[in-house]
Amino acid sequence: MTVNLEVADGVGTIRLDRPPMNALDIATQDRLRELAEEVTRRDDVRAVVVWGGEKVFAAGADIKEMQAMDHAAMVVRSKGLQDAFTAVARIPKPVVAAITGYALGGGCELALCADFRIAADTAKLGQPEILLGLIPGAGGTQRLARLVGPSKAKDLIFTGRQVKADEALALGLVDRVVPAAEVHEQAHAWAARLAYGPALALRAAKECVDAGLETDIDTGLTVERTWFAGLFATEDREIGMRSFVEEGPGKAKFR
């Protein structure tokens, strides 16, 4: 398999495994979608790490495979490409990308689907599609602009340049930079901490933030209000409030 899933302590690790560069060919894209849908369904997965291994996150699409495709073929395939990445973005649980080495093209777009990005100090990120006479096609023009703003996104997309980890951090493209040997450990720790949190409240928070970015503030506030009131029907809310009153903040043990 070009993408594998390992589950431990409530954390599901989606591991890209197509050496040497984890090129995202069609089979890898489809497998990625399958595993995103699987971790969405599984109750024993409470948070997710997306990881490419110690050497590289993903260096982009399989260019040789794409070169053989004409317009008609890509009209058909482009939806499957976007669907795979959207499946990751819509996992209703906390998702962290653990970025080592290159995260370019589709690799960068995959990282953009996570809620949080931890990068190695040696990592390089970018959207180099323009150098092929193309544009990002797996959500890069949309998710990158929403994350870092339109001007910064256009700079990266128009030039196709790669940015090192420190610049990526300054741009807001990644959220934390750590030594390469610590990337997976810290990503797993981030996910594990949330794996023991209130699952429905985390799901609600993610949906409210993501939905709010796609709509006007009044509609976003309606989504928030609906979820906020709805959580009063959950056991997690009862546990959290009881623990706060009896033991103080931050000590609740959610089921």
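Residues numbered from 1 in each chain as written. Predicted model: local features only at pLDDT ≥ 70, side-chain atom pairs only at ≥ 80, totals over all residues. Heavy atoms only, no water.

1. Examining the sheet that holds strand 8 (residues 162-164)
Backbone hydrogen bonds hold the strands of a sheet together, and the pairing may be parallel or antiparallel. We apply this condition: By the convention used here, strands pair only if DSSP detects at least 2 bridges between them. Strands here are runs of E lasting at least two residues and helices are runs of H or I lasting at least four, both read from the DSSP assignment and numbered beginning at the N terminus. Angles here are taken between N-to-C directions and fall from 0 to 180 degrees, while the axes themselves are lines fitted to C-alpha atoms, restricted in helices to the stretch in contact.
Read across the open sheet, the three strands follow the order 5-7-8; overall the sheet is mixed. Each end of this open sheet is capped by a strand with a single partner; those strands are strand 5 (102-104) and strand 8. Direction aside, the axes of adjacent strands within the sheet are offset by 20 degrees on average.

2. Points about a nonpolar patch on the surface
Operational definition: Residues with no salt bridge and a relative accessible area higher than 30% make up the patches, which join like charges within 9 Å and nonpolar side chains (Val, Leu, Ile, Met, Phe, Trp, Tyr) within 5 Å. Surface accessibility follows the Shrake-Rupley procedure with a 1.4 Å probe radius. Residue values consider only the protein chains on display as shielding. In what follows, salt bridge is the name for a side-chain nitrogen of Lys or Arg lying within 4 Å of a carboxyl oxygen of Asp or Glu.
Together, I63, L132 and L134 make up an exposed nonpolar region whose accessible area comes to about 260 Å². You can see L134 is positioned in the loop between strand 7 (124-126) and helix 5 (140-148).

3. Examining helix 6 (residues 150-159)
Heads up, the condition is: A 1.4 Å probe rolled over the protein chains alone gives each residue an accessible area, and that area as a share of the maximum for its type sets the label: buried under 20%, exposed over 50%, partly exposed in between. Relevant arc is that of directions from the helix axis to the C-beta atoms, nothing else. Contact criterion: two residues are considered in contact whenever any of their non-hydrogen atoms come within 4.5 Å of each other.
Along helix 6, the residues classified as buried are A153, L156 and I157. When helix 6 is viewed along its axis, its buried side chains cluster within an angular range of 95 degrees and face the same direction. Facing away from the buried side of helix 6, by more than 90 degrees, are the exposed residues S151 and F158. Buried residues along helix 6 sit in contact with helix 5, strand 8 and helix 7 (165-171). A positive backbone phi angle near 70 degrees is found at G160, which sits one or two residues after helix 6.

4. Some thoughts on the pairing of strand 2 (residues 11-16)
Burial within strand 2 is extensive, with five of its six residues counted as buried. In textbook terms, the turn of a hairpin is the stretch between consecutive antiparallel strands, and for strand 1 (residues 3-8) and strand 2 this stretch comprises two residues, one of which, D9, has a positive phi near 55 degrees. Where strand 2 lies against strand 3 (residues 47-51), five bridges are found, and the strand directions are parallel. The residue bridging G12 from the neighbouring strand is V48, located in strand 3.

5. Side note on the packing of aromatic side chains
Test applied: Between the rings of Phe, Tyr and Trp (Trp by its six-membered ring), a pair exists once the centres lie within 6.5 Å; its type follows the angle of the planes, with under 30 degrees stacked, over 60 edge-to-face, and the other angles tilted. By definition, being over a ring means that NZ of Lys or CZ of Arg is both within 6 Å of the ring centre and within 35 degrees of the ring normal.
Within this structure, the stated rule accounts for two aromatic pairs. Ring geometry for F116 and W190: centres 5.1 Å apart, planes at 5 degrees, overall stacked. Residue F116 is located in strand 6 (residues 116-120), and its partner W190 is located in helix 8 (residues 183-195); the two are separated by 74 residues in the primary sequence. Take F116 and W190: they sit in the same class, and that class is buried. Ring geometry for F228 versus F232: centroids 5.5 Å apart, planes at 75 degrees, classification edge-to-face. The class for F232 is partly exposed, based on a relative accessible area of 38%. A cation sits over an aromatic face here: R15 above W51, 4.9 Å from the ring centre.

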